[in-house]
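Secondary and tertiary structure notes
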Amino acid sequence: MDTAARNTSHTLLDFYSGYTGAESDEARTRTFNTSMEKLNQDGAIGAVPSDQDEVSLDVTPLLLASSVSYEWFFSQLTVATGKDASELSFELREFIDSLKD
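Quick caveat: nothing in here was measured; it's all calculated off a predicted structure. (Residues numbered from 1 in each chain as written. Predicted model: local features only at pLDDT ≥ 70, side-chain atom pairs only at ≥ 80, totals over all residues. Heavy atoms only, no water.)

A separate point is the side chain of Thr11. In this structure, Thr11 sits in helix α1 (residues 3–21). Take Thr11: its relative accessible area is 5%, and that puts it in the buried class. Setting aside residues up to four positions removed in sequence, Thr11 forms contacts with Ser35, Lys38, Leu39 and Asp42. (Helix = DSSP H or I, 4+ residues; strand = E, 2+ residues; numbered from the N terminus. Buried < 20%, exposed > 50% of the residue type's maximum accessible area, 1.4 Å probe, protein only. Contact = heavy atoms within 4.5 Å.)

For the rest of this paragraph, the subject is unusual backbone geometry. Positive phi, normally seen in glycine, also occurs at Asp53, with a value near 55°. Tracing the backbone through its elements, the reader meets Asp53 in the loop between β1 (46–49) and β2 (55–58). Judged by its relative accessible area of 77%, Asp53 is exposed.

Attention now goes to helix α2 (residues 25–42). Here α2 is 18 residues long and its end C-alpha atoms lie 25 Å apart, about the 26 Å a rise of 1.5 Å per residue gives. By the burial criterion, the buried members of α2 are Ala27, Thr31, Ser35, Leu39 and Asp42. Taken end-on, α2 shows its buried residues confined to a sector of 105°, consistent with a single buried face. Pointing more than 90 degrees away from the buried face of α2 are the exposed residues Asp25, Glu26, Glu37, Asn40 and Gln41. Looking at the buried positions of α2, the neighbouring elements they touch are α1. (Expected span 1.5 Å × (residues − 1). Arc of directions from axis to C-beta.)

Let us look at a nonpolar patch on the surface. Residues Met1, Leu64 and Val68 make up a contiguous nonpolar surface patch of roughly 240 Å² in combined accessible area. With respect to the helices, strands and loops of the structure, Met1 is situated in the segment before α1. On the accessibility criterion, Met1 (48% relative accessible area) is partly exposed. (Patch = residues over 30% accessible without salt bridge, like charges linked within 9 Å, V, L, I, M, F, W, Y side chains within 5 Å. Areas by Shrake-Rupley, 256 points an atom, 1.4 Å probe, with all protein chains shown as cover. Salt bridge = Lys/Arg side-chain N within 4 Å of Asp/Glu carboxyl O.)

Here's what the structure looks like:
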């Protein structure tokens, strides 16, 4: 894992910890803004302009950071619960779907 992806992993974890632990909307907003700045500084998403006034986005560090985190959490949950990764994935999808607007 390269430095950008590793730093992005840490920033995503910091964001989660700060956001869920925040006691006010103001604190959550500060956490969000700080994390966005850090993701920008770390190169989590790169934008490269082309000669045709188009921009190509490289989200490789963000995807690597996310996949490594998922891999670790799923391995821990598999051991802790005795469920396999596919069952845990299904449960996570159900949880995500429950978070409707």
